[in-house]
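# Coordinates in review
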Amino acid sequence: MKIAQVAPLAESVPPRYYGGTERVVAYLVEELVALGHDVTLFASGDSRTSARLRPVVAQALRLSNDCVDPLAHSILMLEQVFACRHEFDVIHFHVDYLHFPLSRRIPVAQLTTLHGRLDIPDLPPIFREFREMPVVSISHSQRQPLAFANWAGTVYNGVPAQLLPFNPRGGDYLAFLGRISPEKRVDRAIEIAGRAGMPLRIAAKVDPADRDYFEAHIRHLLALPHVEYLGEIGETDKAEFLGNAAGLLFPIDWPEPFGLVMAEAMACGTPVIAYRHGSVPEIVDHRVNGFIVTDIADAVEAVAQLSTIDRAACRATFETRFSARRMALDYLTLYENCLTTDQDVAGIPA
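Below is a short write-up of the structure. (Residues numbered from 1 in each chain as written. Predicted model: local features only at pLDDT ≥ 70, side-chain atom pairs only at ≥ 80, totals over all residues. Heavy atoms only, no water.)

### With respect to the overall build of the protein
- Scanning the protein from terminus to terminus reveals twelve helices and 13 strands.
- Over its C-alpha trace the protein gives a radius of gyration of 20 Å, about what one expects of a compact globule, namely 20 Å for 350 residues.
- Looking at the protein as a whole, 56% of its 350 residues qualify as buried.
- Considering only contacts within the protein whose residues lie at least 6 apart along the sequence, 65% involve residues at least 24 apart.
- Carbon and sulfur atoms form 52% of the exposed surface of the protein, whose accessible area is close to 14,400 Å².
- Computing the positive centroid from 32 side-chain charges and the negative centroid from 43, the protein places the two 1 Å apart. (Helix = DSSP H or I, 4+ residues; strand = E, 2+ residues; numbered from the N terminus. Rg over C-alpha atoms; globule rule 2.2 N^0.38 Å. Buried < 20%, exposed > 50% of the residue type's maximum accessible area, 1.4 Å probe, protein only. Contact = heavy atoms within 4.5 Å. Areas by Shrake-Rupley, 256 points an atom, 1.4 Å probe, with all protein chains shown as cover. Lys, Arg positive; Asp, Glu negative; His and termini not counted. Charge placed at Lys NZ, Arg CZ, Asp CG, Glu CD.)

### Observations concerning unusual backbone geometry
- Omega for the bond connecting V13 with P14 falls within 30 degrees of zero, at -5 degrees, which places this linkage in the cis form.
- Mapped onto the fold, P14 is located in the loop between strand 1 (2-6) and helix 1 (20-34).
- A positive phi angle is found at R185, which is not glycine, with a value near 55 degrees.
- Relative to the elements of secondary structure, R185 occurs in the loop between strand 8 (174-179) and helix 5 (186-196).
- With phi around 70 degrees, R287 is a residue other than glycine that occupies positive phi space.

### Considerations on the pairing of strand 4 (residues 90-93)
- A two-sided burial pattern is seen for strand 4, the buried positions comprising V90 and H92 on one face and I91 and F93 on the other.
- In this structure, strand 1 lies alongside strand 4, joined through four bridges in parallel fashion. Across the sheet, the residue bridging to A4 is I91, located in strand 4.
- In terms of strand pairing, strand 4 meets strand 5 (residues 110-113) through three bridges, oriented parallel. Bridge assignment links I91 to a residue of strand 5, and that residue is Q110. (Pairing = 2+ DSSP bridges.)

### A few points about helix 5
- By the burial criterion, the buried members of helix 5 are V186, R188, A189, I190, I192 and A193.
- Of the residues one or two after helix 5, G197 is the one with positive phi, at around 70 degrees.

### Thoughts on the sheet that holds strand 13 (residues 290-293)
- Across the sheet, six strands lie side by side as 10-9-8-11-12-13; this open sheet has parallel pairing. Bordering the open sheet on either side are strand 10 (227-231) and strand 13, each of which pairs with just one other strand. Within this sheet the neighbouring strands show an average axis-to-axis angle of 20 degrees, counted without direction.
- Bridge analysis of strand 8 against strand 11 (residues 247-250) gives two bridges, and the strand direction is parallel. Within strand 11, the position partnered with L174 by the bridge is G247. (Axes fitted to C-alpha atoms, helices over the stretch in contact; angles between N-to-C directions.)

The structure is reproduced here in C-alpha cells:
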C-alpha cells in the first residue's frame, strides 16, 4: 500500500526531545515500512525516517529562529500533499482539522488522527461543519466532547518493542516525565514523593506558554531535598530513567487523550500511579500494572504498594496493547476500510 503520513512541523519526526504526536508518527512510519508498505512522510527536513521524506521546512519550527508564522508553513505543506495526492492509496493526517476544507473539495482516501484534547469550546462548530471527515481517536475517553463526529475507530498509541528494554528490578526513586504545566501537576508528584519518603526525579520541559506558571509555582519546589530536576531528556535517555524507577507518577488534572509516558513506563516494567482522568482507566489496570488513584493520600498509599506489582505483568500489558506493531496493524485495518467501504471498523471497535 502507498501511504502518505502528514506530520506537524513544530517538531522533527521523531522529535529531538519532547513531542508526543511526532514521536507516535515516527513509530507508526517505521512499523509500516517494516511491514513492507511504501510510505512517504511529509515533515521537517531534520526528520529521521526509513520512509521517503518530503521536507517542507529545513528544520523543526520549534527549533528555528527564522519562523514567525508557523501556519504559513503548514498551509504550504498541505498544498504539496494535495498536489501529489494521486501518488498515494491513502493519506493519513496528524495536523488536526487544518486540511478539512481541502479534503472536502479534493476527494482523497484519507483519515485524521486527533492527538490532542477535544474539550475546547471552539471545536464543535468545526466538527459539525465537517462531520463527514473520518477521524480516529487515541482513546475512547478522548471522543466524549465530540461524540457526534465521524469516528472511524480508536487506535491506542504504540511504542517499538525493542526501544525500551524490560528492567525486572527497577530502582528506589519515583519518576515524573513530560511537561511542567498546570494540567500535568508536577506539584502533586513532588508532594506525593515527599509524603511517601521517596526521592523524585523529574525529567520535563517547560514550554514558553508555561514559563510564568513554572516560575510562580514550581521552581521553588525543585529545591526540596527529595527532588532532582533533570530538565528535558531525549529518547535515548528514557530507558534508563524509566527502567530504573520504582514507579511513574502521573498525577494529571485534565482529560489526558492518551499519555504515551504510561506505555513507555510499562515497556520498562515500571508500574504507573495515575489520577483517574481522561484515558487513564483505559491504560492502567488497577493493581495489575499500576494504581488508579483519586487524591494525594491514595497516591501515597499506592507508592507503599509498588512492590506488589509484577513488573513482568507491566511489560506484558505493553507488548499486548501498546506496541508500535499493534498500532500499525490497527491503522492498516483503517486504511483498508478507507479503500473499500464506509463501515466503521478499527483495531478497537468504535
